[in-house]
Amino acid sequence: MGAPAFPFDTVLIANRGEIALRILRTVKALGLRGAVVYHALDAEGPAVAAADVAVEIHGPTPVAAYLDGAQIIAAARQAGAGAVHPGYGFLSENAGFARACADAGLTFVGPAPQTMELMGDKVRARRFVAEHGFPVAPSAVEDDDPQTFLDRARALGAPLLIKPSAGGGGKGMRIVRDMANLADEAARARSEGQRFFGDGRLYVERYVEQPRHIEVQVLGDAHGSLVHLHERECSVQRRFQKVIEESPSPALSAEQRHSICEVARGIAATAGYVNAGTIEFIWGNGDFYFLEMNTRLQVEHPVTEMVTGLDLVELQLRIAAGEPLPFRQDEVTPRGHAIELRLYAEAPARDFAPTTGRVHVLALPEAEGLRIDCGVMEGQAITTAFDPMLAKVVAHGGDRDGAIAILAAALKQLALLGCETNATFLGRVLADTGFRSGAVHTGYLDGNAALTAEPPLGTEQLRAILAAAALASRTVTDAADAVPPLHGVIGGWRN
Amino acid sequence: MRHRFDIEGADHRLWLAPGDGQPGAFRLILGDASHTVRLEPRGGHHHDLVVDGASHPVVLAAVGDTVHVFIDGAAHAVRLHDPIQAGGAPEAGGHALIRAPMPGTVLEIAVDPGAVVQPGDRLIVIESMKLETTIRATASGSVDEVRVRAGQSFDRDAVLVTLTLAGEEA
């Protein structure tokens, strides 16, 4: 066998769960050997089972093990790997790790370290994008001139979003709709920034009401060719994390789609971007602004794979191996509509609190147009040590309704027993009138109790559940067998 | 006998009793209704649950005191509370303690101390939750003690009658 096209014959995947398994699938399909690193908690996971080589790594916490670049590079050497694929999260956007891989003679499957440093830094990336004439939200940075900060903020016009410069995760963010409150809100944001991040410096930008999150997949090779692979909309979020992603976006007209995709391509090309990346935008009222760039493979990349028919991991590996892109922009033709649901170990009705358990049964449906990237297997414990995402359920339909129908049918059959998941919540979102019409925004799920609350069980449902539980319980059926027939045990009904 | 199940913190009570001769069939008593129920294996954890002739595909896993039930696209964790021994399973020392399956009141006492009983013989008739129930012996033996009297109320799990099992008498 062998793979003469690649300068490496073994790829180490510096990740876990579904993405490690998904990368392994392509690595093996290309005739390469797949190696993984794993923490002891993942020893019984599917990636370790599927890998050609698995090297255990250690850390003060399970996550710390996957963040330990030196240990992972040592594991790559031990496994005989010539390339490292970082997946998403963990070290995937760490320029220092990319550099350390190169220093160790390993091909890092991702962009050049200096591109990661430029585009991975929110403030630098934003400046770079604005300087090159691409749209960013009108903004004012306190550091530029603290004396005039509030005046410059006021000049942007309402509504405004105040953020701590050092912030993230929504902490300290305040929306100002009435400029009379600007000074007060700025003072509060400053105090929150100080409290959460030890840094009270502020940053203010035009706030987009009911914004949509639309991102564009880009792919560049080392020979100067760069294409976009169209957009994904990821507006259905909870706690600033995506829950449902789709392509194409139901919000965009053909001209708008062309415009946002070309802007993304322009930004990536200007940055000299090589490998797979994603440019994220905030979309509202027909305008869109650059938000940030993710210099790696995204969780939701299957959506793009399904509409374009491309294997992004294969293209990443070929680009990392120095191959040119095998197609031009005008040869990228998306077909149909794809939607991804993230199956999380969490309880939507309890404010999306993470849940734990053990996967006693895992029954994954199969259907035309259905793809399930699953990171757990039967017998595996689900803990809170890692991200709660268990699997991605992705459907490709002729149109949006077709994709929704495939997903709704899949959820009816996808049985994961032993750990509570958000599956029924996902089913309710799919059936929701607002979602069906495509009229969503990033705050759509916030406080939407009609979607998050688990409806009470109906009489027939309850009867069936109790009947099944009783019949499946040895204790109960044995007890029933041990007593004489019913009519002898129970006398008349008394009223 | 009556069992208690917990679903999402809510308490549910049911009886499961042998069916009318159909293999694998049971009668499920829930509230004031009775249903014929049975499970047909479909391979692995998959079954068809048949309730009063209507079939529902289910996926089941019994783990410890919890039964995980997947039905109609939703997974439910159903916890079985410690079973309450209404029939009186033999206990250590050759004696059987006949316990109350639920709180209730004694309607009738059918045996006196010293009476020799066979499995299925009437011991006590109780009333609970508007349901009149005959407590029967599950083993051969003789009645040691009747610990309640007619009209007396008792709590769930209270010992009603004690038996000395046959073959254990000195």
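The residue count restarts for each chain, going from 1 along the sequence in the order it is written. For this description, chains carry letters from A and ligands carry numbers from 1, given in the order in which they are written. Per-residue local features are limited, in this predicted model, to residues with pLDDT of at least 70; the limit for side-chain atom pairs, both in listing and counting, is 80 or more; totals at the level of whole chains, interfaces and linings are taken over all residues.

Description of the overall build of chain A
Each helix corresponds to a stretch of at least 4 residues labelled H or I by DSSP, and each strand to a stretch of at least 2 residues labelled E; elements are numbered beginning at the N terminus. A count of helical and extended segments in chain A gives 19 helices and 24 strands. Computation of the radius of gyration draws on C-alpha atoms alone. For the globule rule, the value is 2.2 Å times the number of residues to the power 0.38. For chain A, the C-alpha radius of gyration of 25 Å lies close to 23 Å, the compact-globule estimate for 495 residues. By its C-alpha atoms, chain A is 90 × 65 × 45 Å across when sized along the principal axes. Sorting the 495 residues of chain A into buried and exposed places 49% on the buried side. Summarising the internal contacts of chain A: among those between residues at least 6 apart in sequence, 65% fall at separations of at least 24. Neighbour density around each residue's C-beta defines its exposure: 20 or more other C-beta atoms within 10 Å make it buried, 12 or fewer make it exposed, and counts between make it partly exposed, where C-beta atoms are placed from the backbone. With C-beta atoms placed from the backbone, a contact is any residue pair whose C-beta atoms sit within 7 Å.

A few points about the overall build of chain B
Regarding its fold elements, chain B presents zero helices and 17 strands. For chain B, with 170 residues in total, the buried portion stands at 31%.

Some points on the environment of Gly73(B)
Locating Gly73(B) in the fold gives a position in the loop between strand S7 (66-71) and strand S8 (74-80). Once the C-alpha coordinates of Gly73(B) and Val51(B) are considered, the two residues, 22 residues apart in sequence, prove to be 18 Å apart. Ignoring sequence-local partners within four residues, the contact set of Gly73(B) consists of Leu411(A), Lys412(A), Thr424(A) and Gly427(A).

Brief notes about the packing of helix H5 (residues 95-103) of chain A against helix H6 (residues 113-120) of chain A
All names here are of chain A. Packing of H5 against H6 leaves a shortest axis separation of 8 Å and a crossing angle of 180 degrees. In terms of axis orientation, H5 runs roughly antiparallel to H6. Of H6, the residues touching H5 (which contributes Ala 95, Ala 98 and Arg 99) are Pro 113, Met 116, Glu 117 and Gly 120. Classifying every residue of the contact of H5 with H6 by side-chain character gives four nonpolar, one polar and two charged. Axis lines are fitted to C-alpha atoms, over the contacting stretch for helices. Their N-to-C directions set the angle, which ranges from 0 to 180 degrees. Comment on the angle field: the value is read as roughly parallel under 35 degrees, roughly antiparallel over 145, roughly perpendicular from 65 to 115, and oblique elsewhere. Classification used: nonpolar for Ala, Val, Leu, Ile, Met, Phe, Trp, Tyr, Cys and Pro, charged for Asp, Glu, Lys and Arg, polar for all others including Gly.

A word on the sheet that holds strand S4 (residues 33-41) of chain B
All names here are of chain B. Taken together, the eight strands give a closed barrel; going around it, the order is S1-S2-S3-S4-S5-S6-S7-S8, and neighbouring strands pair in antiparallel fashion. Across the sheet, the mean angle from the axis of one strand to that of its neighbour is 35 degrees, orientation sign disregarded. DSSP calls a pair of strands paired once it identifies at least 2 bridges connecting them. Alignment of strand S5 (residues 46-51) against strand S6 (residues 54-63), held across six bridges, turns out to be antiparallel. Across the sheet, residue His 46 finds its bridge partner in S6, namely Val 59.

Observations concerning the sheet that holds strand S1 (residues 10-13) of chain A
Read from one edge to the other, the open sheet built from five strands follows the order S3-S2-S1-S4-S5 (chain A), with strand pairing classed as parallel. The open sheet is flanked by strand S3 (53-56) and strand S5 (107-108) of chain A, the only strands paired with a single partner.

What about the nonpolar core?
Counting residues in each nonpolar core, the largest one holds 84 residues, and the members touching the most others are Val11(A), Leu12(A), Val36(A), Val84(A) and Phe281(A). Each domain's limits were defined by an automated method or a database of domain assignments. Formed jointly, this core draws a minimum of three residues from each of two domains, domain 1 (10-109) and domain 3 (212-452) of chain A. If near-sequence neighbours (up to four positions away) are discounted, Phe281(A) is found in contact with Ile214(A), Glu215(A), Ile260(A), Phe288(A), Tyr289(A), Phe290(A) and Leu291(A). By definition, a nonpolar core groups buried Ala, Val, Leu, Ile, Met, Phe, Trp, Tyr and Cys residues that are joined through C-beta atoms within 7 Å. Judged by nonpolar contacts, the second largest core, of 77 residues, contains Val376(A), Ile406(A), Ile465(A) and Val50(B).

Quick notes on the packing of helix H8 (residues 149-156) of chain A against helix H9 (residues 182-197) of chain A
All names here are of chain A. Packing of H8 against H9 leaves a shortest axis separation of 11 Å and a crossing angle of 120 degrees. Here H8 lies oblique to H9, going by the angle between them. Pair H8 / H9 crosses with right-handed handedness. Residues Leu 150, Ala 153 and Arg 154 of H8 pack against Leu 182, Ala 183 and Ala 186 of H9. The residue inventory of the contact of H8 with H9, partitioned by class, reads five nonpolar, no polar and one charged. Here a crossing is called left-handed whenever its near helix is offset anticlockwise from the far helix by less than a right angle, and right-handed whenever the offset is clockwise.

Let's talk about unusual backbone geometry
For the peptide bond that leads from Ala158(A) to Pro159(A), omega is -5 degrees, which places it in the cis range. Here the phi dihedral of Asp52(B) falls at roughly 50 degrees; this positive angle occurs in a residue that is not glycine. Following the sequence through the fold, Asp52(B) ends up in the loop between S5 and S6. Unusually for a residue other than glycine, Asp72(B) sits at a positive phi of about 55 degrees. With respect to the helices, strands and loops of the structure, Asp72(B) is situated in the loop between S7 and S8. Exposure remark for Asp72(B): the 13 C-beta atoms within 10 Å place this residue in the partly exposed category.

Details of helix H14 (residues 423-431) of chain A
Taken as a whole, H14(A) has its buried residues at Ala423(A), Phe425(A), Leu426(A) and Val429(A). Seen end-on, H14(A) carries its buried residues on one side only, within an arc spanning 160 degrees. This arc is built from the directions going out from the helix axis to the C-beta atoms.

Comments concerning the pairing of strand S14 (residues 287-294) of chain A
All names here are of chain A. Two strands pair when backbone bridges link them, and strand S13 (residues 275-284) and S14 are joined in this way by seven bridges, in the antiparallel orientation. Paired with Thr 278 across the strands is Asn 294, a residue of S14. In this antiparallel pair of consecutive strands, S13 and S14, the connection spans two residues, and Asn 285 shows a positive phi of 55 degrees.

Observations concerning helix H17 (residues 459-472) of chain A
Residues and elements named next belong to chain A. Over its 14 residues, H17 extends 20 Å from the first C-alpha to the last, a length consistent with the 20 Å expected when each residue adds 1.5 Å. Burial of H17 is extensive: ten of the 14 residues sit out of reach of the surface. Taken as a whole, H17 has its buried residues at Arg 463, Ala 464, Ile 465, Leu 466, Ala 467, Ala 468, Ala 469, Ala 470, Leu 471 and Ala 472. The length a helix should cover is 1.5 Å for every residue beyond the first.

Some words on the confidence of the model for chain B
Residue and element names in this part refer to chain B. Taken residue by residue, chain B gives an average pLDDT of 84. The fraction at 70 or more is 86%. Across chain B, the secondary-structure element scoring lowest on mean pLDDT is strand S9 (residues 90-91), at 45, and the one scoring highest is S5, at 97. By definition, pLDDT measures how confident the predictor is in each residue, and it falls between 0 and 100. Confidence over residues 83-92 falls short of pLDDT 50; this stretch has 32 contacts with residues more than four positions distant or in other chains. For this predicted complex, the interface confidence comes out at an ipTM of 0.87, alongside a pTM of 0.82.

Thoughts on the pairing of strand S17 (residues 159-165) of chain B
Residue and element names in this part refer to chain B. In this structure, strand S10 (residues 95-99) lies alongside S17, joined through five bridges in antiparallel fashion. By the bridge assignment, Leu 97 is partnered in S17 with Thr 162. Sheet analysis places strand S15 (residues 141-146) next to S17, joined by five bridges and oriented antiparallel. The residue of S17 that forms the bridge with Glu 145 is Thr 162.

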